[in-house]
Every structure is written in C-alpha cells, then in structure tokens.
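# Summary of the model geometry
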Amino acid sequence: MEAPSRPQTPAPVALQRWTVLRPGSSKRPWASAAATRELLWESAARELRGRYKQNVGKGVWMLVQPIAMVLIYGFVFTQIFKATGHGLPYLSMAWAGIICWQFFQHGVQIGMFSVIFEAGTLSKVWFPRVVVPLTPGTAAFADLGLGFVVLFLVATVQGVSIGITAVALVVPVAMLAVWMFALALLLAPLAVFLRDLTSIVPLLLRLGFFASPIMYSVFEIPEQFSWLATWNPVAVAVTGVRDAVLAGVWPDWRLIGIHAVAGLVLLAATYTYFTRVEDRLVDAL
Amino acid sequence: MSAGAEPEYRSGGEEGDAASGELSIPEVGPVEQVEFDEVAEPTIRPPHWDAPASIVVRGVSKWYDSRNRGRLRAALPGRPSKEPPPGAVLALDDASFEIGDGQSVGIIGNNGAGKSTALKLIAGVTAPSQGEIRVAGRVASMIELGLGFNPEMTGRENLRFSAGLLGMSRRVLAKRWEDIVDFSGVAHALENPTKTYSSGMLARLGFALASHSDAEIILVDEVLSVGDFDFQRRSLERIMKLNREGRTTIIVTHNLSALPPLCHRIIQLEKGRVVADGVPGDVIPEYVLAEAEKYAAHGNEEVHISDVELRPTSVHPGGRLTVRGVIETTEPLVGCKAVVRLGMGQALVAVMEGDDSLTRLVDEPLDIRIDRQAGRWQVEATVESLPLFAGDYVAGLAVVRDDTTEVISRTMPLDILGSRDDWMKIRVRLEENHQRLDP
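Residues numbered from 1 in each chain as written. Chains lettered and ligands numbered in written order. Predicted model: local features only at pLDDT ≥ 70, side-chain atom pairs only at ≥ 80, totals over all residues. Heavy atoms only, no water.

### Remarks on the overall build of chain A
Across its full length, chain A holds 10 helices and two strands. Listing every helix and strand of chain A by position from the N terminus yields β-β-α-α-α-α-α-α-α-α-α-α. Residue burial in chain A is summarised as follows: out of 285 residues, 53% are buried. For chain A, the share of sequence-separated contacts (at least 6 apart) that also reach a separation of at least 24 residues comes to 79%. Counting every atom, chain A has about 12700 Å² of accessible surface; 69% of that belongs to carbon and sulfur. (Helix = DSSP H or I, 4+ residues; strand = E, 2+ residues; numbered from the N terminus. Buried < 20%, exposed > 50% of the residue type's maximum accessible area, 1.4 Å probe, protein only. Contact = heavy atoms within 4.5 Å. Areas by Shrake-Rupley, 256 points an atom, 1.4 Å probe, with all protein chains shown as cover.)

### Some details on the overall build of chain B
Of the regular secondary structure elements, chain B holds eight helices and 19 strands. The 439 residues of chain B split such that 56% are buried. If you take every contact in chain B between residues at least 6 apart in sequence, the share linking residues at least 24 apart comes to 77%. Accessible surface, chain B as shown: approximately 18400 Å² in total, 48% of it carbon and sulfur.

### Observations concerning the environment of A:Ala188
Residue and element names in this part refer to chain A. Mapped onto the elements of the fold, alanine 188 is located in helix α6 (residues 170–193). In this structure the C-alpha to C-alpha distance between alanine 188 and isoleucine 110, which are 78 residues apart in sequence, comes to 8.9 Å. Setting aside residues up to four positions removed in sequence, alanine 188 forms contacts with Gly111, Met112, Ser114, Val115 and Pro133.

### Points about the packing of aromatic side chains
What describes a pair of aromatic rings is the distance from one ring centre to the other and the angle between the planes of the rings. Summed over all chains, the structure comprises 11 aromatic pairs over all chains. With a centroid separation of 5.8 Å and an interplanar angle of 45 degrees, the aromatic rings of A:Trp101 and A:Phe104 are classed as tilted. A residue pair is termed a helical-turn pair when its members lie 3 or 4 positions apart in one helix, as A:Trp101 and A:Phe104 do in helix α3 (residues 90–117) at three residues. Feature note: the residues A:Tyr73, A:Trp101, A:Phe104, A:Phe209 and A:Phe210 constitute an aromatic cluster, connected by ring pairs. The cationic tip of A:Arg46 hangs over the ring face of B:Phe161; the distance from NZ or CZ to the ring centre is 3.9 Å. The side chain of A:Arg206 reaches across the aromatic face of A:Phe209, ending 5.9 Å from its centre. (Phe/Tyr/Trp six-rings, centres within 6.5 Å; stacked < 30°, edge-to-face > 60°. Lys NZ or Arg CZ within 6 Å of the ring centre and 35° of its normal.)

### Section: the pattern of salt bridges
Inspection of the entire model under this criterion finds 20 salt bridges over all chains. Notably, a salt bridge pairs A:Arg129 with A:Glu278, separated by 3.1 Å at the nearest N-O pair. Taken together, the residues span a long stretch of sequence, with A:Arg129 in the loop between α4 (119–122) and α5 (131–157) and A:Glu278 in helix α10 (residues 253–284) at a distance of 149 residues. Residues A:Arg129 and A:Glu278 agree in their burial class; the two are buried. B:Asp214 is the partner of B:Arg176 in a salt bridge, and the nearest nitrogen-oxygen pair spans 3.0 Å. (Salt bridge = Lys/Arg side-chain N within 4 Å of Asp/Glu carboxyl O.)

### Quick look at the pairing of strand β12 (residues 321–329) of chain B
Residue and element names in this part refer to chain B. Extensive coverage of β12 is indicated by the burial of seven of its nine residues. In this sheet, β12 lies alongside strand β10 (residues 303–311) in antiparallel orientation, the contact comprising seven bridges. Looking at β12, one finds that glutamate 309 is bridged to arginine 324. Two elements, β12 and strand β16 (residues 375–383), share nine bridges in a ladder whose sense is antiparallel. Each residue of the ladder has a partner; that of arginine 324, found in β16, is glutamate 380. (Pairing = 2+ DSSP bridges.)

### Comments concerning the sheet that holds strand β1 (residues 18–22) of chain A
Here we have five strands laid out as an open sheet, ordered β2(A)-β1(A)-β4(B)-β1(B)-β2(B), and antiparallel in their pairing. Of all the strands in the sheet, the pair left with one neighbour each is β2 (25–27) of chain A together with β2 (90–100) of chain B. The average angle at which neighbouring strand axes cross in this sheet is 15 degrees, direction not considered. (Axes fitted to C-alpha atoms, helices over the stretch in contact; angles between N-to-C directions.)

### Focus on the side chain of B:Asp277
All names here are of chain B. Looking at where aspartate 277 falls in the secondary structure, it is placed in strand β9 (residues 273–278). On the accessibility criterion, aspartate 277 (7% relative accessible area) is buried. A polar contact of 2.7 Å, which involves the side chain of aspartate 277, links it to the side chain of arginine 265. (Polar contact = N/O pair within 3.5 Å; in protein donor to acceptor, adjacent residues only side chain to side chain.)

### Points about α6(A)
For α6(A), with 24 residues, the first-to-last C-alpha span of 35 Å sits near the 34 Å given by 1.5 Å per residue. Most of α6(A) is tucked away: 19 of the 24 residues are buried. (Expected span 1.5 Å × (residues − 1).)

### Digging into the packing of α3(A) against helix α9 (residues 233–247) of chain A
Residue and element names in this part refer to chain A. The geometry of α3 relative to α9 is characterised by a closest axis approach of 10 Å and an angle of 135 degrees between their N-to-C directions. When the axis of α3 is compared with that of α9, the two are oblique. Considering how the two elements wind past one another, α3 and α9 form a crossing that is right-handed. Across the interface between the two elements, Ser92, Met93, Ala94, Ala96, Gly97, Cys100, Trp101 and Phe104 of α3 pack against Val234, Val238, Val241, Arg242 and Leu246 of α9. Among the residues making up the contact of α3 with α9, the classes are represented as 10 nonpolar, two polar and one charged. (Parallel < 35°, antiparallel > 145°, perpendicular 65-115°, else oblique. Left-handed = near helix turned anticlockwise from the far one by under 90°. Nonpolar A, V, L, I, M, F, W, Y, C, P; charged D, E, K, R; others polar.)

### Re the packing of helix α4 (residues 170–184) of chain B against helix α5 (residues 199–210) of chain B
Residues and elements named next belong to chain B. Remark: α4 packs on α5, axes separated minimally by 9 Å, with the N-to-C direction vectors making an angle of 140 degrees. One element, α4, and the other, α5, form an angle in the oblique class. Taken as a pair, α4 and α5 cross one another with a handedness that is right-handed. Contacts from Leu173, Ile180, Phe183 and Ser184 of α4 reach α5 at Arg204, Leu205, Phe207, Ala208 and Leu209. Considered class by class, the residues forming the contact of α4 with α5 number seven nonpolar, one polar and one charged.

### Concerning the confidence of the model for chain A
Confidence in the prediction of chain A, expressed as mean pLDDT, is 86, and 92% of residues score 70 or more. The element-level mean pLDDT for chain A is lowest in β2(A), coming to 76, with α6(A) highest at 95. (pLDDT = per-residue confidence, 0-100.)

### Some words on the sheet that holds strand β7 (residues 248–252) of chain B
Residues and elements named next belong to chain B. Ordered in space as β5-β6-β7-β3-β8-β9, the six strands form an open sheet in which the pairing is mixed. Every other strand in the sheet has two partners, leaving β5 (139–142) and β9 as the edge strands with one partner each. Strand-to-strand twist across the sheet, computed as the mean angle between neighbouring axes with direction ignored, equals 20 degrees. Pairing of strand β3 (residues 104–108) with β7, which is carried by four bridges, proceeds in the parallel orientation. For valine 105, the partnering residue across the bridge sits in β7 and is isoleucine 250. Strands in contact with helix α2 (residues 115–123) are β3, β5, β6 (217–221), β7 and β8 (265–270); relative to β6, the strand with the most contacts, it is inclined by about 150 degrees.

### Looking at the nonpolar core
In this structure, A:Phe104, A:Phe193 and A:Met215 are the most contacted members of the largest nonpolar core, which totals 153 residues. It is α3(A) that contributes the most residues to this core, 16 residues altogether. The contacts of A:Met215, once residues within four sequence positions are left out, are A:Met69, A:Val70, A:Tyr73, A:Gly74, A:Phe77, A:Ala83, A:Tyr90, A:Met93, A:Ala94, A:Ile98 and A:Phe209. Among the nonpolar cores identified, the runner-up in size contains 26 residues, and B:Val303, B:Leu310, B:Leu321 and B:Leu333 belong to it. (Core = buried A, V, L, I, M, F, W, Y, C linked by side-chain atoms within 4.5 Å.)

### Some thoughts on unusual backbone geometry
Residues and elements named next belong to chain B. Between arginine 311 and the following residue, proline 312, the backbone shows a cis peptide bond with an omega angle of -10 degrees. The phi angle at lysine 271 is positive, at roughly 50 degrees, despite the residue not being glycine. By the secondary structure assignment, lysine 271 is in the loop between β8 and β9. On the basis of relative accessible area, lysine 271 is assigned to the exposed category, the value being 67%. Despite not being glycine, aspartate 307 shows a phi value in the positive range, around 55 degrees.

### Quick notes on a nonpolar patch on the surface
A cluster of nonpolar side chains, contributed by A:Ile164, A:Val167, A:Val170, A:Val171, A:Trp250 and A:Trp253, occupies part of the molecular surface with about 610 Å² of accessible area. Summarising the element assignment, A:Ile164 is placed in the loop between α5 and α6. (Patch = residues over 30% accessible without salt bridge, like charges linked within 9 Å, V, L, I, M, F, W, Y side chains within 5 Å.)

Set out below in structure tokens:
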C-alpha cells in the first residue's frame, strides 16, 4: 500500500532533530543550505514570473525602464550638463551605469519591503526566512544579465571592440551584489521595526543615484569630491564594469578588492543581525 | 546540531499501548505540574497516551510589546525583556504541556485563550517571550490553506513554490505530484492563474499539498470550517490517516463536535493557561457545561426548563435515550429554538459511519414554536441511536438563540458504557413528541 511516492512514515522521536525555541535564541536544524538555496531560486523565479506574467512582451519589459531612464537622464545630462563619455561612447557608458544601478537599487529597495510584503506567509509557516530579503536581489540578476546582452550589442554598434578584459566584469558585479545583499539583510528587518525607513531609504537611494557616476563618467567628478568615487561601492563597481567592457582595460583590482572585503564583512554582520531578530519579525508585522 | 536524541526531554513510558496499568494524565514537564480542576479517570486508554513527547512546552509565556513599535530599541538584537511590560496582554501565560509522539490533540478554548498563539509557537513562526519549546521533527502547518499563493500565477507554479515553503524538495514534489493533484481535484485548472479559482479550489489545493509533506507534526487551525461537505469529509479522513501513520496532529477548532473522532486528547486553554487536559469525553462536556453556565448566569427570566429526566441514565453507544422535560416561556422568544443537548454542543454531534470515518454534523431541533408562542411545553424526545463513544456525558434540553447562543439549558449526567470502537458504527435519529400544556 505504501507506494514510494507517499510521504514517509515518520521516524520515532528518538531519531528526530529537535527545534528549540527560546526567547532571543532559537535552534532550528531544518534549514539546510541546499534547501535554502533551492527555495531562494524558486522564490526568485516566482518573482520574475509574477512580474511579467500579465505583460505581452514579457522579457522586453525588463528593458523598458532602463531605456526610459537612459533617454530622459541622458538628455538632461548630455544636453544641459554637457556630460560626455570621456573617451567612451556616452550611450554605452550610461547604459552600463544604469543596469548596474537598477540591479543594486532593486535588490536593496524591494529587499527592504520584502519582509513587510510577505507578512502573511511569514506569520503562518516557518521556512528559512533569510530567503525573503534575498529574493529581489537574486531575481535582479536576470534583468542585469539581459542588460549586459544589450550593452554588448549597443557597444558594438557604437564601435567599441570588446576584448578579453570584458570577462572581468563579473568581479565588480559580484562586489556590488555583496553590498546589495548586505544592505537588504539589514534594511528588511529594520524597516519592520522602524516603518519610517520605507520613506527614507528610497529618498537616500535617489540621492545615491545622482551621487554615483551612473549617468556621467567618473572623470566628471571634481577633485574635491573624488572621495565619492573611491568610497562609494556603486561608483567603484560601475567604473570597474566600464573599464572591463568598454575601455578594454583591467579594472582597479585593489579598489574593488577593498570594497569586496568590506562588503563581505558587512554581509556577515547583517546576516547575523537578521538571524538574531528574525524570530521577532512576525510579532512586529 | 542536535541531530541525536535528547532523552532528557522524553516523558516516562515507552511507546505502544500495553493495556495494563492505570491510565493517567501524562507528565507535564519536569518543571512544574499544571493545575487541573480535577483529573477524571478515563474509561478507555487512547493510543499513544504514554508515547515519548515530541512537543515539549515548558513554562511558556508570550506577550506582545506594543510600546516598542517604531522605537530603535525594538530593532536591536539581544534578549527581549524578561518581564511582561505593564499592561501587556499575555497570549500565553506560563503554559506547560507535552504532546506525545503520534498523539492527536485538540486544543479548545474561547477566543483569545491562546490557541492560535500556541500553534504559531509550535510552528516556530515566532519565539516565546519566556520559557522554552522543543519540537521533534518538521512541522507542517495547515494554518491557512492556499498559503503564500500568488493569484497571478498558475496552480502549478504556486504548488511548486509553496512546496518549497513546506520544506519539500523539487524531487520529492515531482514524485508526489500525481497524488497531490488527484487529491486536490483541480487537475483541470492547474494551468490557470489561481485568481480564477474558487475559495474551495484554493483550499483543496493547499490542503492537498500540506497533507503530502514529510512533516512529522501536522498543525490544523480551523481547516474544518472551510470548503464543502465532501472536502471536509476527505480532509478529516486525510488528517486521521496521517495520524494513524504515526504523525502527531494538533487541531484547533471551535467545532467541538468534530474533535472526539479526531483526537485522543483535548487541552483546554483559558486566558493563556492550560486549565484542563484529558480525553475528549471528559474535557469537552466540562467545557461546554461551564460555558453554558456563563450564559445561563445572565440568562433571562422569560424561559425556564424543569423536570428534566433521562431514560436510561447509562447506556451503550448506539443505544436508545429518551429525554423528557418541561420548557416554559412567558413570551414568544424570537429567533430561539429548543434543542436536545447531547454530550457536547446542542444536538450537534458528530456521526461516524462505516469504517473510513464519515464525519457529519446533525442538527436536530425540536419542533416547538417557542419563537412564536408563549406557553408551557411538555417535551419528550428520543434519540434512536446515540452517536457517542464511551465516557461521561450530559444530556438534556436547551433553548438556543440564532442556532449558536445558548439562552438556557438543563442537563443531567449521562454515562455511555463500553469501548470507543463501537462509536464507528452509529447513526443518529431523533424522534420527539411534544404537547402544549395549559399555562
């Protein structure tokens, strides 16, 4: 009667793993790394499917927002502020900046809202909850990938010869992803406790968009503000991508490395923070 | 980390129910004994009564600190306050109990008694404010059916994602896909977005998935009130089957009559405390009587029940019972009707038919027009075959308003003899006759 597809008859208590819940510290033996990863994939795939489900063009819509941004901000920056590519074709340069920024912004901002959005599910069933704030960033990789395909096309049309250095783009992108996930893990629980953040953070991100060399080249930054280019991980990542893909030079390994290490330290800290407060999230939702 | 056994948390006794020995309430943790009003000796020995505990709740309190909302302090990691803040409402107040491996336990109590909080804590969704909870194995909550479904996505896509939430790997899901889809009965609509589903279809899909997980512990919250009759019957059967296969089941419902066939044991919560713990036949009638008294206390003077008499006062399951009494009203009681109270709830009793447990609700009001006509009524009603298993019950007459609120009741103790197994073959049939006496 017991077909192999049926749920297994449970093992006796003596062989079970125990979940222990205490105030402030809980022990949950059920969140294996593999299961968490699988759930994260499934969750990111679900976000992508859900996002473009009702749209006829599906994937094309992934590009509409960055294209619109490039057209609008590109006009403002090139025609009014007289921004140039500083040796690179402006359109390609701006596009490289936009796709990286969109990636970062989506992961951080939607990541922050994610726990609030998923309140219903979180308060009813336990699953590796860290998946929730990491989902938007993971899904954003798809948009970024598509963005890079377009970048290669546009750059080739604009006469850029893409060389071997282009493979190095994964390094600044990985560094940017670390920062994105670290901030999502910090902001998602914080926003639950401090709802004001949901208004403040989008504002700060808007500020960050203009403070980072997205629509302009890093060389436009005046001398007295050069720290903006070296201390800002988004600026460093975007410049790294531009160097690798468009300028045909190897990126600044040292600078990217420093930001990567700093990002990893932050990621470890915010991951720990998340696990320390995750049990209290549901009560505050 | 703690992959091995943790024997210090096993309560005494070995699994299996050797029929010898006295039946007793299981130990409630080594910390302290829970206070019971009275511990009645059950007449039968439910399965897994002495099984080692798979859920240990020790001195657990849970409160919600609303003052912390919007404060930076709330966002800081670290131990929350050890004392409940002044004025906080305790959802659970120093509750302790153990649930044995394989037991099927119903949790009852009024709204706000802490039932849902207890389930949330066992599900691991939130942590206790005080005390400790230990749970052996995985938990599948059927707390809400259609959990985490995205209305824009198809049934298939939603199943895949929700399976992940329940800890089912893609491989396991693929293996059980057929079973799940068959059970849900929505195979025809699997490729449609779930926003086009009826609530019954969502419920069936969610239940089908949750009931096919590998979890050792199944939590059921008010599932018994969702869906149509056929779905309720099949989900009850499914819950019973999961329990028979050795899963621990915990059921929270206000539908008291559904509990006796499903549960070996009932835990009653009141204001976050465990106030009773025992077999259904003991705890549920006590609870119903206590509730009825509350109503009766602020009952009105317009209706009286007197001279209630049971014949016989002890009877075997399936036996015949005659209830007699006088109901007297001074005014027509609009919206009220007279019912036979049997065991628990009005004449609302669960009936089991055949072997695979058809559960059905029977509501048999007496045909007395007390809602239109004042007067004094002599009532005699006969229940042809009693749908109750062995234990101590009450039976009598009651007047209820709007089918739910009891206006007044008068009941007498009724002893059902024999063993629980007889229960399976019973149908209810109510015969009554009444006549109006002169006021």
